[in-house]
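Descriptive analysis of the structure
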Amino acid sequence: MTDARIGAAAPAAPVPAAPPDGSPPAVDALLVATDLVKSYGPVHAVQGVSFRCNPGEVLALVGENGAGKSTVAKMLAGAVPPTSGSIVVGGRPLASGSVRQSRQSGVRCAFQELALVPDWTVAENLSLPDGAPYRGFSQRKSVVAAAELLGAFDLPHIDPQVTVGTLSLADRQLVEIARALAGRPSLLILDEASSALTPPGVAWLFQRIRDLTSDGGSVIYVSHRLGEIAEIADRGAVLRDGKVVGEFVRGGWTDDQLVSLMAGREAARFFPAPPARTTDAVALEVTNLRSDGVHGIDLVLGAGEILGIGGLQGHGQAELLRSLFGAAPATADSWSIAGRPVSGTTPVRSVRHGIGYVPEDRKREGLALEMSVGENLLVPWFRAYQLGGRPRITRERTWIDGVLGALSVRTRGPDERAGTLSGGNQQKLVFGRWMDRARTVILLHDPTRGIDVRAKQELYAAIVDLAEQGVGILWFSTEVEELVHVCHRVAVLYQGAVIDELVGERLTGDAVVGASMGLRAAA
Amino acid sequence: MSVASPPVVRLQRTGMTRLRREGAIAPICAFVVFLLVYIVINPELLTRFQLQTAANLVVPLALVALGQLLVVLVGGIDISIGAVMSLCNVVFATQLENVPPPVALLLAVGVGLACGLFNGFLVAYGGLPAIAVTLASAFIFGSLAREVLDRPGGGVTKEIYLATSGELVPFLPVSLVWLSVVAVLLWLLLQRTALGRHIYGVGSSMESVRAAGIDARLTKLLAFGLAGMVTSAGAVMLAASTVTGDPRSGDAYLLSSIAAVALAGAAFTGGRGSIIGTVLAACTLGLIGNLLFFAGVNSYWQYVISALIIFTVVGLPVVWARTTSALKGIRS
């Protein structure tokens, strides 16, 4: 804790850092975490974190990736036993190391890495974790119960009978939150639970949180999105490198202060402006693109242009990017890459034509987690007959070091296993493999989802840098701010087609949100 | 609420969706086609004698395949299943000489359970890969079987044969009744108990199941134990129908059981597979040899035909999915 106080006393700290375990609490705290430590071998993920959470309160845990937020959340949820320290819930020590016991004592968690079983139906996912394993299970009853639950939580559009694997990421997250809410928990932990949610989804989540806290429940809200924290959090703790470096209360902070506290340095939250375009060359042109979920989209992407794709998730953005990369079958009336006509494409041909793709799910589609950092960067550039392994890495060392340096990937070097990196750094790898490789077009699927502020800004800078080099960027983002500030143009998709294209004066946050709801602003 | 479309109220769907999801449609269709072809080539199947022999031929395979399915469902594979079968087979046959038949049956099932738990413990709690564990334990169980009985023999009597492999009523072989009992019980367990759903869940995503507060390791262990018990039932049926215990009897069933599970459309990564599909796939594979005999084809072709059936049944859904998605692309 001493370390934490030193951190809190840093010059940038604007926050009245009330000693977390010093002064007596005004009310009996629902949750008291004292000196939590979690070490994985020599790595100290969490080193002495203490905080308390009062009944009816929303406590935010903020920090960059790798700051230890998720580990703290997992310890509270019982998924990970703390190396030392104690957690007291409602006056009783929490039996650690068992999710089941945590659940039974009223602590529930919606995890960042979704904890839903993809082959189970929504109904099974909602009902199976509760109760004994040796009892009857009726599909019918579980479906009825799930429909009731989803109805009560105002999620009637989710069909309890479909398998979770077929749902969109946002819907899966909603189901995960609904499951955590189902037991009327006294303490709800939301670990980046809003990362895939759209603005109305976040509004829905906040309504549920308010319902819960008005009943005396508490919420621990782990997030990167400062806007959400400003709206929902009563108090908060800032974590950095596994320690609490400061605390804040509602209204007593600004974005910049929090960001610099998280980063441990002065860092303004800002969006770089898109670079001025120097050429009228066209990087990618497609008319009437059709695919599963994409119903006739016309796109022209200029070289050096950043074209944002907006809209609510599930309106064809993922399918559009996958079709353009050739990962999903698609047809179009005309289709050209850098002026060269093509008739359809496959991922292999796309790479040859100069297209790069950063997919939605970095763990599943983006990286080979068991392979090294260097190999993951080189993946698109391996030919079967070429050198591989260590000799290849040595040969490409300059490029690898350049990419790792340009994106400030925090890694022990190209030989480290990609799976051990934090989320933001993994995302940088998926992005970095396309840098300085003579690309004409780069397709980005929400590359900043669930990564911390600093990593985001490093990615923005890299994106703008690529555009300056004349690469056309097609960028789907769920964060409207990004689209408004960093893009030249934004095309908003609605039900698989472009409903509106916003540029110049009309490119505002309200216009993007409006268009994604299916409203076409008067031009 | 994040999607603008109005809430869709759908009818309660039947088990059809579940069958499709579990990959059972293709093996069921394959079995129907196969049976029709069989009856056309050899109408004699529908006589009492042939029905009984055919049933006695496929029932042990179907039971062992169900055992294999359980292990595959939790994301494993059981290489020791043939050896477990041999061991239970000889335990049953030799113990019939010493103890009453029900006790011998219990002993055989107990041995199956013990073998399954041994594998399951090493896989679930030891964290070892199932293929390595079961490959190693196959050698142990195989040696034990030869230790118990080193040449075909044992005390299987005619009464036992009649009770397991005779006819209950004309045209209804008893063995099919026993298979149905085991299959229905297993179906109830997998589809109508929480444990059964946990078994599917563990295979689908071990991490998620654990994060949801379910004891994933215990679930895995129980699935292996259960698989051992079902396998021992197959071993008992085999000993009874051949009226002998044989320490090598299970060897041929290892690959057949894996083939049946593959033919049933189960996912070898776990989480997907159906009981009915597996039973019918085992029946199809088990009868190919007979069919070729009656069709006058050299029995060496049996394996080629089996392979072609597997290719077709496993490949058709894939081709079907590709075709429909291609058609959709053109239409939209």
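Residues numbered from 1 in each chain as written. Chains lettered and ligands numbered in written order. Predicted model: local features only at pLDDT ≥ 70, side-chain atom pairs only at ≥ 80, totals over all residues.

1. Examining the overall build of chain A
Scanning chain A from N- to C-terminus turns up 19 helices and 21 strands. Taken against the 2.2 N^0.38 rule, which gives 24 Å for 523 residues, the C-alpha radius of gyration of chain A at 24 Å falls within 12% of a compact globule. Across its three principal directions, the C-alpha atoms of chain A cover 70 × 55 × 50 Å. In chain A, which comprises 523 residues, the share counted as buried stands at 53%. In chain A, the proportion of contacts linking residues at least 24 apart, taken out of those at least 6 apart, comes to 69%. (Helix = DSSP H or I, 4+ residues; strand = E, 2+ residues; numbered from the N terminus. Rg over C-alpha atoms; globule rule 2.2 N^0.38 Å. Buried ≥ 20, exposed ≤ 12 C-beta atoms within 10 Å, placed from the backbone. Contact = placed C-beta atoms within 7 Å.)

2. A closer look at the overall build of chain B
A count of helical and extended segments in chain B gives 14 helices and two strands. In terms of overall dimensions, chain B has a C-alpha envelope of 75 × 50 × 35 Å along the principal axes. By residue count, 50% of the 332 residues in chain B fall in the buried class.

3. A closer look at the pairing of strand β7 (residues 187–191) of chain A
All names here are of chain A. In terms of residue burial, β7 counts as a mostly covered element, since five of its five residues are buried. In the sheet, strand β6 (residues 107–110) pairs with β7 via four bridges, with the strands oriented parallel. Residue pairing in the sheet places arginine 108 in a bridge with leucine 188 of β7. As judged from the five bridges shared by β7 and strand β8 (residues 218–222), these two strands associate in the parallel manner. In the sheet register, leucine 188 faces β8, and the bridge partner there is valine 219. (Pairing = 2+ DSSP bridges.)

4. A word on the nonpolar core
Looking at soluble globular proteins, one finds that nonpolar side chains tend to be buried together. Among the nonpolar cores identified, the biggest contains 190 residues, and A:Ile220, B:Ala62 and B:Phe92 are the most heavily contacted of them. At 16 residues, helix α11 (residues 216–242) of chain B tops the list of elements feeding residues into this core. Membership of the second largest hydrophobic core comes to 71 residues, among which are A:Leu404, A:Leu421, A:Val492 and A:Ala515. (Core = buried A, V, L, I, M, F, W, Y, C linked by C-beta atoms within 7 Å.)

5. Digging into the interface of chain A and chain B
Counting residues at the interface gives 45 residues for chain A, matched by 34 residues for chain B. Among the residues making up the side of chain A that touches chain B, the classes are represented as 23 nonpolar, 13 polar and nine charged. (Nonpolar A, V, L, I, M, F, W, Y, C, P; charged D, E, K, R; others polar.)

6. Examining the domain arrangement of chain A
Each assigned domain of chain A is listed here: domain 1 (2–263), domain 2 (270–354 + 438–523) and domain 3 (369–437). With 13 residues of domain 2 of chain A at the interface, the matching set in domain 3 of chain A holds twelve residues. (Domains from an automatic or database assignment.)

7. Examining the confidence of the model for chain B
Residues and elements named next belong to chain B. Summary statistics for chain B give a mean pLDDT of 89 and a share of 94% for residues scoring 70 or more. In this model, residues 1–11 is a region of pLDDT below 50 whose contacts with residues beyond four sequence positions or in other chains number 19 contacts. Predicted as a complex, the structure gets a pTM of 0.76 and an ipTM equal to 0.80. (pLDDT = per-residue confidence, 0-100.)

8. What about the pairing of strand β3 (residues 58–63) of chain A?
All names here are of chain A. Counting buried positions over the six residues of β3 gives six, a clear majority of the element. Residues Val58, Ala60 and Val62 point to one face of β3 and Leu59, Leu61 and Gly63 to the other, with burial holding for every one of them. Of the pairings in the sheet, the one linking β3 to β8 comprises four bridges and is parallel in character. When the bridges of β8 are listed, alanine 60 appears paired with tyrosine 221. Summarising the sheet, β3 and strand β9 (residues 235–240) pair through five bridges and their orientation is parallel. When the sheet's bridge partners are listed, leucine 59 is paired in β9 with arginine 235.

9. Digging into α11(B)
Helix length check: α11(B), at 27 residues, gives a terminal C-alpha distance of 39 Å against a target of 39 Å (1.5 Å per residue), a fit within 8%. Of all 27 residues in α11(B), 24 are buried, a share of seventy percent or more. (Expected span 1.5 Å × (residues − 1).)

10. As for unusual backbone geometry
Residue and element names in this part refer to chain B. The backbone of phenylalanine 171 shows a phi angle near 70°, a positive value even though the residue is not glycine. Turning to its location among the elements, phenylalanine 171 is positioned in the loop between β1 (167–169) and β2 (172–173). Taking the number of C-beta atoms within 10 Å as the measure of exposure, phenylalanine 171 has 11 and is therefore exposed. Although it is not a glycine, valine 243 adopts a positive phi angle of roughly 50°. Assignment of secondary structure puts valine 243 in the loop between α11 and α12 (253–263).

11. With respect to the sheet that holds strand β13 (residues 306–310) of chain A
Residues and elements named next belong to chain A. The strand order across the open sheet built from six strands is β17-β18-β19-β13-β20-β21, with neighbouring strands paired in mixed fashion. At either margin of the open sheet sits one strand with a lone partner, and together these are β17 (355–358) and β21 (497–503). Going across the sheet, the axis of each strand differs from the next one's by a mean of 20°, ignoring polarity. Across four bridges, β17 lies against strand β18 (residues 441–445) in parallel orientation. Bridging from a neighbouring strand, valine 358 pairs with leucine 444 of β18. Against the sheet, helix α19 (residues 509–516) engages β13, β20 (489–494) and β21, with an angle of about 25° to β20. (Axes fitted to C-alpha atoms, helices over the stretch in contact; angles between N-to-C directions.)

12. Some details on the sheet that holds β6(A)
Residue and element names in this part refer to chain A. Judged by pairing direction, the sheet is mixed, and its six strands sit side by side in the order β6-β7-β8-β3-β9-β10 without closing on themselves. Whereas interior strands pair on both sides, the edge strands pair on one side only; in this sheet they are β6 and β10 (243–249). Neighbour to neighbour, the strand axes of the sheet diverge by 20° on average, direction disregarded. Contacting β3, β6, β7, β8 and β9, helix α2 (residues 69–77) runs over the sheet at an angle of about 150° to β7. Contacting β3, β7 and β8, helix α7 (residues 199–214) runs over the sheet at an angle of about 145° to β8.

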